[in-house]
Amino acid sequence: MKQKTLEVLEFNKVKALIQKEVISNLAERKVEQLTPATDFNTVVFQIDEVDEIAQIYNQHRLPSLSGLTEIQPYIKRSQIGGTLNVQELNAIKQLIQVQNQFKTFYHQLVEEEEAVRYPILDDRMVHLPVLTHLYQSIHQKCDQYDLYDHASYELQAIRSRISKTTQKVKTQLDRIVKSTGNQKKLSDSIVTVRNERNVIPVKAEYRQDFNGIVHDQSASGQTLYIEPSSVVELNNQISRYRSEEATERNRILAELTAEVAAEADACLISEDIMGHLDFLIAKARYGAKLKATKPSFTEGKSIYLPKAFHPLLDLDSVVANTIEFEEDIQTVIITGPNTGGKTVTLKTLGLIVLMAQSGLLIPTLDGSQLGVFENVFCDIGDEQSIEQSLSTFSSHMKTIVNILEESNNRSLILFDELGAGTDPSEGAALAMSILDYVHRVGALVMATTHYPELKAYSYNRPGVMNASVEFDVDTLSPTYKLLMGVPGRSNAFDISKRLGLSLKIINHAKSMVGQDEKEINEMIASLERNAKRVDNQRIELDRLVREAQTLHSDLTEAYEKYQNYESRLMDEAKEKANQRVKVATDEADEILKDLRRMRDQKGADVKEHELIDKKKRLENQYEAKSIKQNVKKQKWDEIQAGDEVKVLSYGQKGEVLEVLDGDEAVVQMGIIKMKLPIEDLEKKEKPKTVPSKVITRTNRTAIKMELDLRGYRYDEAMVELDQYLDQAVLSNYEEVYIIHGKGTGALQKGVQQHLKRHKNIAEFRIGTPGEGGFGVTVAKIK
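Residues numbered from 1 in each chain as written. Predicted model: local features only at pLDDT ≥ 70, side-chain atom pairs only at ≥ 80, totals over all residues. Heavy atoms only, no water.

The protein is annotated in an unreviewed UniProt entry as Endonuclease MutS2 of Staphylococcus felis. Check the Subunit (unreviewed entry) section of the UniProt entry for the protein; it says "Homodimer. Binds to stalled ribosomes, contacting rRNA." What the UniProt record of the protein gives under Sequence similarities (unreviewed entry) is the line "Belongs to the DNA mismatch repair MutS family. MutS2 subfamily." (UniProt positions renumbered as here; feature names shortened; annotations may be inferred.)

If you want it as structure tokens, here you go:
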């Protein structure tokens, strides 16, 4: 992509917002290097891996990546024979700890969901190396700043000797400092350190009273820091011990460094994977703030962005518009008033394409579609250059010339006020000629213009479509709504009338306008109304299609599971039955053996064919048990239609729908309707209904009848839902709509479980297609 395009469309501002979400300098560097890809497979892979992380981020609390930092310089130094210090070893230990925490989280996630739903992330987790032994080595020997005393027996012994000798020195020096005769000779009654030697501060005039070595003096020269002769040898011992300590310390650090060098490749793999995960999570966090969605990519040059909005504008006030290049449409021409949102529409389209091809979720509703573009060219804004003595027109034309030279059939071109800055008739002709050229090249083009000649341009050219930004005549201000397929119409007469211009003048002006132009304006007004209706219907239809596809997929999966479950149950039942028959047969064989033995021993009169016959009868005793019960009644009840009865032979309750001739009745048992004899029915008394007490609620606060939870984390969504239901009860609502979106179904499941437990919810259901389908749950309040 051209650097100028990235600058004009403010892609760097999006990157700056993502950088605020990263944890490590590894991910920060990846954000800095982020640019749109142009290879189709790369673009699809990038968006799929971000979508996987976004699904997990929106449903679960991810483990912290705090402490993750770059370790590559340390690894390289360990490989060339250098020795790492404690802080550098701790950085490697922290990386391993972060890796292990995330790996544990992911394995628990897979166990809970009982399936690998994140193939790209799963592949990365498989490639994470096992470095627990290296973590333990560093953890057992290093604290936050230094080696532990017990890092080795030798180090522990040396530090113990240093501690004991230091204590001896301080004891002797304390005796000197606290001596009554020395109080006036000392600047202060303390033991201090100079040049790593324990010394006492002596006033300069009493130097001759203290034998020893002067290590330092104060700035004024009034105080000398003297090491008394009595502790010189002890301090020398401490120095020797510290030298031994440094030698042992370096030996231990060298051992740990060697362990790091042995796992150098594994550590670099871990750094790369965890840094990339930090990068992906930052993308997911940014997408969640925008409530952004995953686009699908096509091999062709399609663009469909339902309710798209510019991500850098205020999310509370930005107007979302559907931007679409219909099939066989290559050029869209937008007309409308100044400050109406034409330029913002161009920037929105261009920036969303850059975001999508950079592996970012985009600010649209679900169902967006995009092609993959090799280049996005744009001529937007005032390009006037004083240094190069170029007028606005000349500067724009220079940019356009470069675009025309480099564009091809895989380009997206954005022209703002094409042909402006020169004579209107020449500018319009030039604009049409440029549009014809890029149309022949095969590029997709969106252009804005003020020229009325271009309104008719699309009707004379195949593959060209008009669009306009809406203007509210009543408020004399733009609405910033984009109308695809509708050219802009003149509002001069209506605006003049609103501003108080005389009707006589307005009518005279209308008489000068040709009849054809009046009819065109009326036609455009009709097209505006129809375009709004069709746009809304299109979005609703797309949503219903997606829900139907999801439902079909879910039902297919459930049916396959049911078939597998049924087959497994049959196999288990056959196995159990076979086992029971085998046990019974074995038992019969034993009985036969006993009987034969008795016959042989005692001469019992038992014939062989009789024994075999009894065994066969034992084997044939297994029969299916009918659920029907043989129940007889002593007295028949008088049965009528509408009676509640108990069906004795089945042990089930039912309701009599109809009494037939011949002592029979039609009975509804749940979903089953059966014709049964009267003698099989026992009349039951209907339970008395207790009238419910009506409690009038006072509507305290006006709140909406719907709650939108899309984009919320799971725990945040439950808190928001609980508060909303309390307000809905106080507002005396009968039904409320909880919008949770389709997604993976986790948020929907959580909402419905919460509604089951809520004391004020009578019942709930999935929304109808007109209410939002599977993306909405409708709750009825008691």
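A. Just the sheet that holds strand β9 (residues 369–371), in detail. Strand order in this open sheet of four strands is β5-β9-β6-β7, and the pairing throughout is mixed. Among the strands making up the open sheet, the edge pair consists of β5 (296–298) and β7 (321–325). Each neighbouring strand pair of the sheet contributes to a mean axis angle of 30°, computed without reference to strand direction. In the packing of helix α12 (residues 342–357) onto the sheet, the strands contacted are β5, β6 (303–308), β7 and β9, and the crossing angle to β6 comes to about 110°. (Pairing = 2+ DSSP bridges. Helix = DSSP H or I, 4+ residues; strand = E, 2+ residues; numbered from the N terminus. Axes fitted to C-alpha atoms, helices over the stretch in contact; angles between N-to-C directions. Contact = heavy atoms within 4.5 Å.)

B. Summary view of the environment of Lys184. Residue position: Lys184 is located in the loop between α9 (153–177) and β1 (192–194). Lys184 gets classed as exposed once you look at its relative accessible area, which sits at 55%. Here the alpha-carbon distance between Lys184 and Lys203, two residues 19 residues apart in the chain, equals 8.5 Å. Setting aside residues no more than four positions away along its own chain, Lys184 makes contact with Lys203 and Tyr206. (Buried < 20%, exposed > 50% of the residue type's maximum accessible area, 1.4 Å probe, protein only.)

C. Representation of the pairing of strand β15 (residues 644–647) in the model. Side chains of β15 alternate between two faces, with Val645 and Val647 buried and Glu644 and Lys646 left unburied. Of the pairings in the sheet, the one linking β15 to strand β16 (residues 652–660) comprises four bridges and is antiparallel in character. The residue bridging Val645 from the neighbouring strand is Gly654, located in β16. Two successive antiparallel strands, β15 and β16, enclose a turn made up of four residues, where Gly651 displays a positive phi of approximately 70°. Direction of pairing for β15 relative to strand β19 (residues 681–684): antiparallel, over a ladder of four bridges.

D. View of helix α6 (residues 86–113). Compared with an ideal rise of 1.5 Å per residue, which puts 28 residues at 40 Å, α6 spans 41 Å between its outermost C-alpha atoms and is within 8% of the ideal. Of the residues that open α6, the one with a side-chain oxygen 3.1 Å from the backbone nitrogen of Gln87 is Asn85. (Expected span 1.5 Å × (residues − 1). Polar contact = N/O pair within 3.5 Å; in protein donor to acceptor, adjacent residues only side chain to side chain.)

E. Representation of unusual backbone geometry in the model. One non-glycine residue with positive phi stands out, namely Glu196, at about 65°. Positioned with a positive phi, Glu417 is a non-glycine residue whose angle comes to about 55°. Mapped onto the secondary structure, Glu417 falls in the loop between β11 (411–415) and α14 (424–441).

F. How the structure looks around the pattern of salt bridges. The tally for this structure, following the rule as stated, stands at 26 salt bridges. Residue Asp216 pairs with Arg194 through a salt bridge whose shortest N-O separation is 3.2 Å. Pair noted here: Asp216 is in strand β3 (residues 212–217) and Arg194 is in strand β1, with a separation of 22 residues, a long-range link. Here Asp216 falls in the partly exposed class, since its relative accessible area comes to 33%. (Salt bridge = Lys/Arg side-chain N within 4 Å of Asp/Glu carboxyl O.)

G. Molecular detail of the nonpolar core. Grouped together as the largest cluster of nonpolar side chains are 102 residues, with contacts concentrated most on Ile92, Leu349 and Leu414. Setting aside anything within four residues of it in sequence, one finds Ile92 in contact with Ile71, Tyr74, Ile75, Leu84, Leu134, Ile138, Val260 and Cys267. Residues Ile403, Ala431, Ala443 and Val445 belong to the second largest nonpolar core, which totals 21 residues. (Core = buried A, V, L, I, M, F, W, Y, C linked by side-chain atoms within 4.5 Å.)

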